[in-house]
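Each chain is listed here by its residues.
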Amino acid sequence: MGEPLNQYECRAYAKINLGLDVLGRLPNGYHEVKMVMQSVGIFDVLTFERAESGIAITTDAGELPTDGDNLIYRAAKLLLDRYSIEEGVRIHLQKNIPIAAGMAGGSTDAAAALKGVSRLFGLDCGEEEWRELGVRIGADVPYCVMGGTALAEGIGERLTALPPAPDCFLLVAKPDINVSTRYVYEQLDSLASYEHPDIDGMVWAIREGSLQGVVERLGNVLQDVTVPAYPIIRRIKERMSELGAAGCLMSGSGPTVFGIFTEESRAHDAFLQIEREALAKQVFLTRFQERI
Ligand code: ATP
């Protein structure tokens, strides 16, 4: 795969879900999902350096673990063990992606760590192997290895690459609440029924390059749990619509909400307004990120 390096730096992009459906529960307890994943221009930066031994992680995000509980650690360990590498690695994480937000922050860091450690040691290891190792860390890691626009099925690991979604301006807002992913899925299981979003239609709209089609099909079944339980999520969605969003949706298990805008100036005004009203703790103005 190339010469070993002394140092390597890369970005780990966050994702949003343009569509998220839960089809049922598998015998192993996992949920069977059907999701349209989309990378966005919010990213962490990971820096890798060779070390004599061990895996040492540092980060500017004080609340994150730096031991074996960090998904970066698990990714690095899987690779070092598989390739019987005696040397070690130091990894620094600059965290920009909101944590526990439904934006796959930990999963994308793990995917970046698989790529970064491979580059650092010049391992002959590519996307297929990263995806296979990644699913052992988390169901969203294979998608994060791939990036861009994709349909994810199974537990999230069965991927179909899609063409880039139509360009637009995105307002992303993470309110100052913590939502447990496990709680959201448990509550969903106890609902008698729920309306399924049109994921096939979303895929069609993306293939057609129709932003209007995308906006009309935004849907996430997990909102049925989180919106009644956390009024701030509804409030942010309503406010984004009032401020001119063509459509808005919660990402993943929340609580992050994103709004799609067709005009940059409107998106910018809405960004300032959401910040001014302190509806969210972290607010970003960004675009979709294509596969790299
Ligand atoms: P998903 O969208 O996949 O549900 P999320 O955005 O909801 O992910 P993460 O930001 O990945 O959630 O974090 C969930 C938990 O994972 C955190 O509370 C944290 O303790 C743990 N974690 C481990 N490693 C990382 C990492 N590198 N970045 C963020 N969280 C991590």
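Residues numbered from 1 in each chain as written. Predicted model: local features only at pLDDT ≥ 70, side-chain atom pairs only at ≥ 80, totals over all residues. Heavy atoms only, no water.

The environment of the ligand is made up of 19 residues, and the closest members are Asn70, Ala100, Gly102, Ala104 and Gly106. At 2.9 Å from an oxygen atom of the ligand is found a main-chain nitrogen or oxygen belonging to alanine 100. Between the ligand and aspartate 140, the relevant distance is 3.3 Å, taken from an oxygen atom to a side-chain nitrogen or oxygen of the residue. Looking at the shell around the ligand, the element that brings in the most residues is helix α2 (residues 105–121), giving 4 residues. Considering only residue class, the shell around the ligand consists of 8 nonpolar, 6 polar and 5 charged. (Near = heavy atom within 4 Å. Polar contact = N/O pair within 3.5 Å; in protein donor to acceptor, adjacent residues only side chain to side chain. Helix = DSSP H or I, 4+ residues; strand = E, 2+ residues; numbered from the N terminus. Nonpolar A, V, L, I, M, F, W, Y, C, P; charged D, E, K, R; others polar.)

This part takes up the domain arrangement of the protein. Often the size quoted for an interface is simply the accessible area lost on bringing the parts together. Along its sequence, the protein is carved into domain 1 (7–161) and domain 2 (169–286). Placing a centre on the C-alpha atoms of domain 1 and another on those of domain 2 gives a separation of 23 Å. The partner domain 2 presents 33 residues to the 26 residues of domain 1 that form the contact. Carbon and sulfur atoms make up 63% of the surface buried where domain 1 meets domain 2, a total of about 2200 Å² over both sides. Contact with domain 2 buries surface across domain 1, with Leu18, Leu20 and Val22 losing the most and accounting together for 24% of the total. Across the domain 1-domain 2 interface, the total number found is 2 salt bridges. Between aspartate 189 and arginine 25 there is a salt bridge, with its nearest N and O atoms 3.2 Å apart. Linking domain 1 to domain 2 there are 14 residue pairs in polar contact (both at pLDDT 80 or more). For the side of domain 1 that touches domain 2, the elements supplying multiple residues, two or more each, are β1 (7–25), β2 (31–51) and β5 (149–154). (Domains from an automatic or database assignment. Contact = heavy atoms within 4.5 Å. Buried area = accessible area lost by both parts, 1.4 Å probe. Salt bridge = Lys/Arg side-chain N within 4 Å of Asp/Glu carboxyl O.)

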